[in-house]
Amino acid sequence: MKSVLALLKDSDETRKLKDTVGQEFNITVIPSAAEPLTEHLAAADLVLLDHDFVEQPVGPFLKGILTKFYLPVLILTSYDNATAAVDALREGAYNYLIKVGNYDQVINLVIKEAITKFNEQVQMRQTIVALKKRVTELEEQLNKPGQHAVPSPSSKPTAHDVIEDIIAGFKRGEINLPSLPKISLRFRTMLDSGADFQEILDLLKQDMAISSKLISVSNSAYYRGVVPNKTLEQAIGRLGLNITRQYVDVICNRSLYATSNKKYVDVMERLWEHALSCAFASRIVAESGKILLKEDAFTMGLLHDIGKLLLLQIIVELEIKGKLEDGVDLQELIDTLGTYHGKFGSGLLKRWGFPEGYIHVAQYHDNLGEADLISKELLVVHFANLLVKSMGYDHVKPGEINLEAAESTRLLGLNAPAISEIQNKVKEFMDGELRKCLA
């Protein structure tokens, strides 16, 4: 349980916040600035600081805390004292909350958001530091005298060399990668814990991009009702919580496929097209076959190639910084990603805390024969992956894929008419209005 240090003088307010915040956090209340704070600050995950905790302006007091402790600080301020909030933000406070009405009813949500966003910033800083360190190491290796001092065809690093180096660093813990967008993980956690509709609505309202896209999706021809939806509440009501969660995953993951390196834009877009089509194909296969799965087929299809994406992102970063001399041959890179992405992707999902089913699918979706256990989830994604590749939704040119002869086709009991129907539904989505809403 996370710890909150509340710096409050008002006894009535202290009782109110202890009752509310204490339900979800370990809360310690300090009523006077004269009391020692160092030990409490060292143990806190967040500081809740009332604007009138000290007699002088709150800014200098806050600065004294933040010069010694790297913590998110949430300022409580009255509606008529905007100056205190502005001064605090200038000194490094994370956010502020105005004490009006029943503000205690939203304070836990605000505290959770502050801790989560702050931890994301910390992790991103660590990621940047680790990547910079790794880039420097690679640069030193590539520029050792007699090895890569003079660029030549023979000295140009191969895709195998680069990816093996990256994976070795990953296994040694030298490469820290950013987490998947937190809001989708929090949404899944809230659903699993039985959160009510209003709690989920409050979470999604925090992101205007997600809210607007969900409203657009709910008004697409795929889901359109008699009356157009105008609010997020109406959109979620029409889509249902499970479908809403799937589209939140799509919207959040879309940004991972962006790059400023023109060389890789097309590859990234094709990876995204493949992931999205595989997600829908997986859902359609599970629904049409009435296959009961422990995990969500849609999201497993969306994440099955996450290893390719993040390996590619690291290579793009190295090229942008000029650490790979003339770069890596694109076709060689694409071929090599196919060799390494399964183990890398499963390792990433394991680090990110995904259930075993997701990890298993990421590792073996291209190689059923290597899996020690062939689960229903693996069969669904394996077939969906082959199906969308055969339809041309992939980062490489479609080869000759005999779907009817595939092991997953046989084990799922699919025949030619069933395969054709699934293909038509996938194409309907990929060519339709709903896909445009998620672009």
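Residues numbered from 1 in each chain as written. Predicted model: local features only at pLDDT ≥ 70, side-chain atom pairs only at ≥ 80, totals over all residues. Heavy atoms only, no water.

Draft legend 1. Geometry of the overall build of the protein chain. Secondary structure assignment for the protein chain yields 20 helices and five strands. Across the protein chain, every contact between residues at least 6 apart in sequence was considered, and the portion connecting residues at least 24 apart equals 68%. (Helix = DSSP H or I, 4+ residues; strand = E, 2+ residues; numbered from the N terminus. Contact = heavy atoms within 4.5 Å.)

Draft legend 2. Molecular detail of the packing of helix α16 (residues 356-364) against helix α17 (residues 376-390). Axis separation between α16 and α17 bottoms out at 9 Å; the angle between their running directions is 40 degrees. Taken together, the axis directions place α16 and α17 in an arrangement best described as oblique. You can see that α16 and α17 cross each other, and the crossing is right-handed. Note on element contacts: α17 touches α16 through Glu-377, Leu-378 and Val-381, opposite His-360, Val-361 and Tyr-364. (Axes fitted to C-alpha atoms, helices over the stretch in contact; angles between N-to-C directions. Parallel < 35°, antiparallel > 145°, perpendicular 65-115°, else oblique. Left-handed = near helix turned anticlockwise from the far one by under 90°.)

Draft legend 3. A look at unusual backbone geometry. At Lys-290, a residue that is not glycine, the phi angle is positive and equals roughly 50 degrees. Counting through the fold element by element, Lys-290 comes out in the loop between α12 (262-288) and α13 (297-303). Its relative accessible area of 74% is what places Lys-290 among the exposed residues. (Buried < 20%, exposed > 50% of the residue type's maximum accessible area, 1.4 Å probe, protein only.)

Draft legend 4. Structural context of a nonpolar patch on the surface. A contiguous nonpolar surface patch, about 470 Å² in accessible area, is contributed by Tyr-79, Leu-89, Tyr-96, Ile-98 and Val-100. Along the chain, Tyr-96 turns up in strand β5 (residues 95-98). Here Tyr-96 falls in the partly exposed class, since its relative accessible area comes to 35%. (Patch = residues over 30% accessible without salt bridge, like charges linked within 9 Å, V, L, I, M, F, W, Y side chains within 5 Å. Areas by Shrake-Rupley, 256 points an atom, 1.4 Å probe, with all protein chains shown as cover. Salt bridge = Lys/Arg side-chain N within 4 Å of Asp/Glu carboxyl O.)

Draft legend 5. Broad picture of the pairing of strand β2 (residues 26-30). Pairing geometry for strand β1 (residues 3-7) and β2, over five bridges, is parallel. What sits directly across from Ala-6, in β2, is Val-29. For the handedness criterion, the β-α-β arrangement of β1, helix α1 (residues 11-21) and β2 is classed as right-handed. (Pairing = 2+ DSSP bridges. Right-handed = clockwise from strand over helix to strand, strands pointing away.)

Draft legend 6. Just helix α8 (residues 197-205), in detail. Of all the positions in α8, only Ile-200, Leu-201, Leu-203 and Leu-204 are classed as buried. Buried residues of α8, viewed axially, fall in a sector of 160 degrees; they line one side. Of the surrounding secondary structure, the elements contacted by the buried residues of α8 are α7 (182-192), α9 (208-218), α10 (232-239) and α11 (241-254). Capping the start of α8, Asp-196 holds a side-chain oxygen 3.2 Å from the backbone nitrogen of Gln-198, two or three residues further along. (Arc of directions from axis to C-beta. Polar contact = N/O pair within 3.5 Å; in protein donor to acceptor, adjacent residues only side chain to side chain.)

Draft legend 7. Representation of the sheet that holds β5. Pairing is parallel in the open sheet, where five strands are placed in the order β2-β1-β3-β4-β5. With one partner strand each, in any of the chains shown, β2 and β5 form the two edges of the open sheet. On average, each strand axis in the sheet is inclined to that of its neighbour by 20 degrees, with strand direction left out of account. When strand β4 (residues 73-77) meets β5, the two strands line up parallel, connected through four bridges. Across the sheet, residue Thr-77 finds its bridge partner in β5, namely Ile-98. Packing against the sheet, α1 makes contact with β1, β2, β3 (46-50) and β4, and its axis sits at approximately 170 degrees to β2. Relative to the sheet, helix α3 (residues 58-66) contacts β1, β3 and β4, its axis offset from that of β3 by approximately 165 degrees.

Draft legend 8. Expanded view of the layout of surface pockets. If you add up the space inside the second largest pocket, you get close to 580 Å³. What lines the second largest pocket is a set of 18 residues, and nearest its centre among them are Glu-24, Leu-109, Lys-112, Arg-186 and Met-190. Elements with a minimum of two residues in the lining of the second largest pocket: α5 (107-142), α7 and α8. Broken down by element, the residue count for the lining of the second largest pocket peaks at five residues, all from α7. By residue class, the composition of the lining of the second largest pocket is five nonpolar, six polar and seven charged. (1 Å grid on protein atoms, 1.4 Å probe; cavity = no way out; pocket = protein on both sides within 12 Å on 5 of 7 lines; lining within 4 Å. Points joined across faces, edges and corners; volume = space filled by probe spheres on them. Nonpolar A, V, L, I, M, F, W, Y, C, P; charged D, E, K, R; others polar.)

Draft legend 9. Highlighting the pattern of salt bridges. Across all of its chains, the model carries 13 salt bridges by this definition. The salt bridge involving Glu-55 is made with Lys-9; its shortest N-O contact spans 3.4 Å. Separated by 46 residues along the polypeptide, Glu-55 in the loop between β3 and α3 and Lys-9 in the loop between β1 and α1 bring together distant segments of the chain. Look at Glu-55 and you get exposed, because its relative accessible area is 74%. Relative accessible area serves as the criterion here: at 37%, Lys-9 is assigned to the partly exposed category. When the shortest N-O distance is used, the salt bridge between Lys-308 and Asp-305 registers 3.8 Å. Across the pair, exposure class does not vary: Lys-308 and Asp-305 are buried alike.

Draft legend 10. Highlighting the packing of helix α15 (residues 330-351) against α16. Packing of α15 against α16 brings their axes to within 7 Å, and their N-to-C directions diverge by 165 degrees. As summarised for this structure, α15 and α16 are arranged roughly antiparallel, according to the angle between their axes. In terms of crossing hand, the pair formed by α15 and α16 is right-handed. Only Tyr-358, Ile-359, Ala-362 and Gln-363 of α16 make contact with α15, whose side of the interface consists of Gly-342, Lys-343, Gly-345, Ser-346, Leu-349 and Lys-350. Class assignment for the residues of the contact of α15 with α16 results in four nonpolar, four polar and two charged.

Draft legend 11. Representation of the nonpolar core. Within the largest apolar cluster, 93 residues are counted, with the highest numbers of intra-cluster contacts made by Leu-204 and Tyr-247. Of all the elements, α12 adds the most residues to this core, at 14 residues. Ignoring any residue separated from it by four or fewer positions in sequence, one finds Leu-204 in contact with Ile-183, Phe-187, Ile-210, Ser-211, Leu-214, Leu-232, Ile-236, Thr-244 and Val-248. In terms of nonpolar packing, the next biggest core, distinct from the first, is built from 20 residues, Leu-37, Ala-44, Leu-49 and Leu-71 among them. (Core = buried A, V, L, I, M, F, W, Y, C linked by side-chain atoms within 4.5 Å.)

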